[in-house]
Amino acid sequence: MYYAYVRLKEGGLKMRIRDIYLRKGSFIVSAVIVLLCVAVTTISQLVPSIYKVFAFTYPVKYPWQLITYQFQHGMTTELLPADFPYSAAQLTIGHLIFNLLLAIPFGILVEKVIGSRRFLVMAVAAWVVDIILIFTAAYFTTPAGEETVSCGASGLVFSFMPIGMYILFVLGKKYGFKKLLKQVSFYLLLPIAIATLVFALSPNAGGVAGIWSMIVHLLGLGCGVLFTVIYRKKIWENTSKTDMK
C-alpha cells in the first residue's frame, strides 16, 4: 500500500469526500457501534421484558447497563405515558435512525481520517462524559422509591459531527471550497449536521427530549470539538492522502 496525490487534468490537487470513504483503512469501531445499536434495540423490541436489562436504570440493576444503554434505543409500550404522541415503534425507529445517521456517515468519515485507535479513544471519552452526566442527573432528579430509565447513543455519536465537519472544512481549505460545494456527498452530510445542531440546542426536540437530553447532546458536541483540536494536525495530514492501488 502506498499513498499518492490525485491530480486533475488541468493540474493541481483534489480530494473528493467519497475518496475518504473508499480508501483503504479500517472502520471497525464505527461498524461495531452500528451493529450493536441495531442488535440491542431489535432484541429489546422483540422481547420487551428485557428492555430494562440493556437500558440504563437508576438505581442500577446490572453493571453492564453502564455500557449497553448506549446501544439501546426507543421505549417499550409499557413505559410510555398513555397520552404520548408517538407509538413505541415510532419512537424507537426514529431514535435509532437519527443516531445511525450520525454513526454511519460521520463515524466512518472520522475513523478513516484519524484512524481506528484514535477514534476509539474519542468514543470512550464521549461515553465516560455521557455516563457521568446521566448518572448525576438520575441521582439528583429521581424521587425516592422510583426508577429512572435512559438509553441511546446520542452522547456518543454527537461527538462525531464536529470533527466530521472540520474534515470537510479542511478539504475545502486545501482543495477549494468551490470543488467541495459541487460534491453530492457534501449535501448529504450538511443536512445531518444541521439537524444535529437543532436537536442539541432544543430542550424538547420532537416532543421526546428534555433538558437533560439537551445537555447530553451539547456535551457530546463539546467532546467532538475537543478532539477536533487534539487531532487537527492528524486531520490535515491524512486529508492529503488518497489510497491508490
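Residues numbered from 1 in each chain as written. Predicted model: local features only at pLDDT ≥ 70, side-chain atom pairs only at ≥ 80, totals over all residues. Heavy atoms only, no water.

(A) A look at the overall build of the protein chain. Each helix and strand in the protein chain was counted, giving 13 helices and four strands. In terms of overall dimensions, the protein chain has a C-alpha envelope of 70 × 30 × 30 Å along the principal axes. Residues counted as buried form 45% of the 245 residues belonging to the protein chain. Residue pairs at least 24 apart in sequence account for 78% of intrachain contacts in the protein chain once pairs closer than 6 positions are excluded. A total of about 12600 Å² of accessible surface is found on the protein chain, and carbon and sulfur atoms cover 70% of it. Looking at charge distribution, the protein chain has the averaged site of its 22 positive side-chain charges lying 19 Å from that of its 10 negative ones. (Helix = DSSP H or I, 4+ residues; strand = E, 2+ residues; numbered from the N terminus. Buried < 20%, exposed > 50% of the residue type's maximum accessible area, 1.4 Å probe, protein only. Contact = heavy atoms within 4.5 Å. Areas by Shrake-Rupley, 256 points an atom, 1.4 Å probe, with all protein chains shown as cover. Lys, Arg positive; Asp, Glu negative; His and termini not counted. Charge placed at Lys NZ, Arg CZ, Asp CG, Glu CD.)

(B) Spatial organisation of the packing of aromatic side chains. Applying the stated criterion across every chain, the model contains 13 aromatic pairs. Summarising the aromatic geometry, the rings of phenylalanine 98 and phenylalanine 199 are spaced 4.5 Å apart at their centres and angled 35 degrees between planes, so their arrangement reads as tilted. Here phenylalanine 98, found in helix α5 (residues 88-103), pairs with phenylalanine 199, found in helix α11 (residues 184-201); they are 101 residues apart in sequence, far enough to count as distant. On the basis of relative accessible area, phenylalanine 199 is assigned to the partly exposed category, the value being 29%. An aromatic cluster is defined as three or more aromatic residues linked by ring pairs; in this entry it consists of Phe56, Tyr58, Tyr69, Phe135, Tyr139 and Phe140. (Phe/Tyr/Trp six-rings, centres within 6.5 Å; stacked < 30°, edge-to-face > 60°.)

(C) Here's a closer look at the pattern of salt bridges. Taken as a whole and assessed by the stated rule, the structure comprises four salt bridges. A salt bridge links aspartate 19 to arginine 16; its shortest N-O distance comes to 3.0 Å. Given a relative accessible area of 9%, aspartate 19 falls into the buried group. Its relative accessible area of 28% is what places arginine 16 among the partly exposed residues. One salt bridge in this structure joins lysine 52 and glutamate 147, with 2.7 Å as the shortest N-O distance. (Salt bridge = Lys/Arg side-chain N within 4 Å of Asp/Glu carboxyl O.)

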